[in-house]
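Fold and geometry: a report
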Amino acid sequence: MSIKAGLVGLPNVGKSTLFNALTKSSIPMENYPFCTIDPHVAITEVPDNRIEQLKKIYNSSKTIPGTVTFVDIAGLVKGAATGEGLGNQFLSNIREVDLILHVLRCFEDPNIVRTDDVDPISDFDIIMAELMLKDIESIDKRIPKIEKSLKGKLTGAEEKSLKDELSLLKNARMCLEIGDAEKTKEHCAKAPVTTIPLLSTKKFLIIANIAEGELDGKGYLNNKHYQALTNKFGNNIVLPISARVEYELTQMETTEAQEFMEMMGITEPSLDLIIKKTYDNLGLITFFTCGPKEIHAWPIRKGITIRNAAGEIHSDLERGFICSETFSYNDLIMYKTESALKTAGKIRIEGQHYLVQDGDIVHVRFNV
């Protein structure tokens, strides 16, 4: 499956700097709003230490890791929902991502343009307000279409589905009018039907862009802006990252970068941390197909059946699915070879309703 995360924020909060660091790109980073006019897109490999271990066991010629697509979406401004600052284009770009990465400035720097005081909570609220206004506009377009359809000839099931959707949209609109995105999300989750995708209900993470000097000894813990974010969203959602430091690391040789990370007290690259949190937030796991030709990592949503997972490899495998020979990565590491696994009874034959687990290695049997 294709995973897409969008970096979103007000102008001059460090989005493009972070994007360049995450993807080792070199898009412009000028000190003025709307430097990023069109969304810049880059595909980044998902770090997974299991891939190299599997390559050694199977003596594979190549590896194909999972990937995450990052989109650097131009800075939003107040009034974006009504078209201010190319707002309609920006909001359309947000609609296409699976996860929003809110980049919020948590550092003071008189050399970087800003029209008011640093306030990441206010910045977040401005962005969410614009998303909610756009959602209200989308709902107001959808409701008349449903009401018109209800006047036509329908089966009982069709009528019930439309009435359920109408009720959902009216409840969601009331919540959006008072600025309650969380309540809107609850209504959508509990409803017996789905409706148009709403921007304000998308899953998100908070990137707290801190000053370079606050990394050492976790000095950011005393940053009042970071504290405000963790108090509001919790430690699990807020990721303290210095976009400038991460970008500088990409310009160094591996040994130099490692030494610099140790000096700055950075235990793992921000890319790894963001991708791990993205996986957790979206409920993703990885299964593998392995052989001497290649090791291939396949990201999927948790709770998917083996038959549907086979469709990620190729549609023919899902269409003609018979069964799957399945075993776990941990068992393979313990027993070293597939033949030893078979002797130990660790290779299972799973039918189409088996729910794939993280780290499963599968051989799909199919007939088309």
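Each remark here, short or long, concerns the structure printed above.
Before going into details, it helps to say that this report is about the structure given with it. (Residues numbered from 1 in each chain as written. Predicted model: local features only at pLDDT ≥ 70, side-chain atom pairs only at ≥ 80, totals over all residues. Heavy atoms only, no water.)

Focus on the overall build of the protein
A count of helices and strands for the protein gives 14 helices and 12 strands. Within the protein, the fraction of its 368 residues that count as buried is 48%. Counting contacts in the protein only where the partners sit at least 6 residues apart, residues at least 24 apart contribute 69% of the total. Total accessible area computed for the protein in this model is approximately 18500 Å², and 50% of it derives from carbon and sulfur atoms. (Helix = DSSP H or I, 4+ residues; strand = E, 2+ residues; numbered from the N terminus. Buried < 20%, exposed > 50% of the residue type's maximum accessible area, 1.4 Å probe, protein only. Contact = heavy atoms within 4.5 Å. Areas by Shrake-Rupley, 256 points an atom, 1.4 Å probe, with all protein chains shown as cover.)

Considerations on the environment of G217
Topologically, G217 is positioned in the loop between β6 (203-209) and α7 (224-233). The class for G217 is exposed, based on a relative accessible area of 66%. Placed 48 residues apart in sequence, G217 and G265 show a C-alpha to C-alpha distance of 6.6 Å.

Some thoughts on helix α9 (residues 254-264)
Inspection of α9 places A257, F260, M261 and M264 among the buried residues, and these make up the whole buried set. Seen along its axis, α9 keeps its buried residues to an arc of 100°; they face one direction. In α9, the exposed residues that point more than 90 degrees away from the buried face are T255, E259, E262 and M263. Contacts from the buried residues of α9 go to α8 (243-250). Downstream of α9 by a residue or two, G265 has a phi angle that is positive, lying close to 75°. (Arc of directions from axis to C-beta.)

Observations regarding the sheet that holds β6
Read across the open sheet, the six strands follow the order β2-β4-β1-β5-β6-β7; overall the sheet is mixed. Edge positions in the open sheet fall to β2 (40-45) and β7 (238-241), since each of these has one partner strand only. With strand direction ignored, the average angle separating the axes of adjacent strands in the sheet is 25°. Taken together, the seven bridges between strand β5 (residues 99-105) and β6 define a ladder with parallel strand orientation. Looking across to β6, one finds that L99 is bridged to K203. Contacts from helix α1 (residues 15-23) reach β1 (3-8), β2, β4 (67-72), β5, β6 and β7 within the one sheet, and its direction differs from that of β4 by about 155°. (Pairing = 2+ DSSP bridges. Axes fitted to C-alpha atoms, helices over the stretch in contact; angles between N-to-C directions.)

Focus: the pairing of strand β8 (residues 284-290)
Burial of β8 is extensive: seven of the seven residues sit out of reach of the surface. Residue alternation in β8 divides its side chains into two sets, L284, T286, F288 and C290 and I285, F287 and T289, and both sets are buried. Linking β8 back to strand β9 (residues 294-301) in an antiparallel pair, the connection comprises three residues.

A look at the packing of aromatic side chains
To describe a pair of aromatic rings, you give the distance between the ring centres and the angle between the ring planes. On inspection of all chains with the given rule, the structure shows five aromatic pairs. Aromatic side chains F124 and F233 sit 4.8 Å apart centroid to centroid with 70° between the ring planes, which places their arrangement in the edge-to-face category. Highlighted residues: F124 in helix α4 (residues 120-150) and F233 in helix α7, separated in sequence by 109 residues. The exposure classification of F124 matches that of F233, with both residues buried. An angle of 20° between the planes, with centres 6.3 Å apart, marks the rings of F287 and W298 as stacked. Of this pair, F287 sits in strand β8 while W298 sits in strand β9, and the two are 11 residues apart along the sequence. Residue classification places W298 among the buried residues on the basis of a relative accessible area of 12%. Taken together, the ring pairs in this structure connect F124, F204 and F233 into an aromatic cluster. One residue, R105, lies across the ring of F107, its end atom 4.8 Å from the ring centre. (Phe/Tyr/Trp six-rings, centres within 6.5 Å; stacked < 30°, edge-to-face > 60°. Lys NZ or Arg CZ within 6 Å of the ring centre and 35° of its normal.)

Some remarks on helix α5 (residues 156-177)
For α5, with 22 residues, the first-to-last C-alpha span of 32 Å sits near the 32 Å given by 1.5 Å per residue. Among the residues making up α5, those that are buried are L162, E165, L166, L168, L169, A172, C175 and L176. Of the surrounding elements, those touching the buried residues of α5 are α4 and α6 (181-190). Positive phi shows up at G179, right after α5, with a value of about 75°. (Expected span 1.5 Å × (residues − 1).)

Things to note about the pattern of salt bridges
Evaluation of the coordinates by the stated rule reveals 16 salt bridges. D316 is the salt-bridge partner of R319, the closest N and O atoms lying 2.8 Å from each other. With a gap of three residues between them, R319 and D316 both fall in helix α12 (residues 315-319), about one helical turn apart. On the basis of relative accessible area, R319 is assigned to the exposed category, the value being 56%. Sharing partners across several salt bridges, the network here consists of D48, R50 and D358. (Salt bridge = Lys/Arg side-chain N within 4 Å of Asp/Glu carboxyl O.)

As for the side chain of T201
Locating T201 in the fold gives a position in the loop between α6 and β6. When its relative accessible area of 18% is taken as the criterion, T201 is described as buried. At 2.9 Å, the side chain of T201 forms a polar contact with the backbone oxygen of L198. Look past the residues within four positions of T201 in its chain and what remains in contact with it is A181, T184 and K185. (Polar contact = N/O pair within 3.5 Å; in protein donor to acceptor, adjacent residues only side chain to side chain.)

Re the side chain of H225
Tracing the chain through its elements places H225 in helix α7. The exposure class of H225 is buried, given its relative accessible area of 10%. Ignoring sequence-local partners within four residues, the contact set of H225 consists of C106, E108, V118 and P120.

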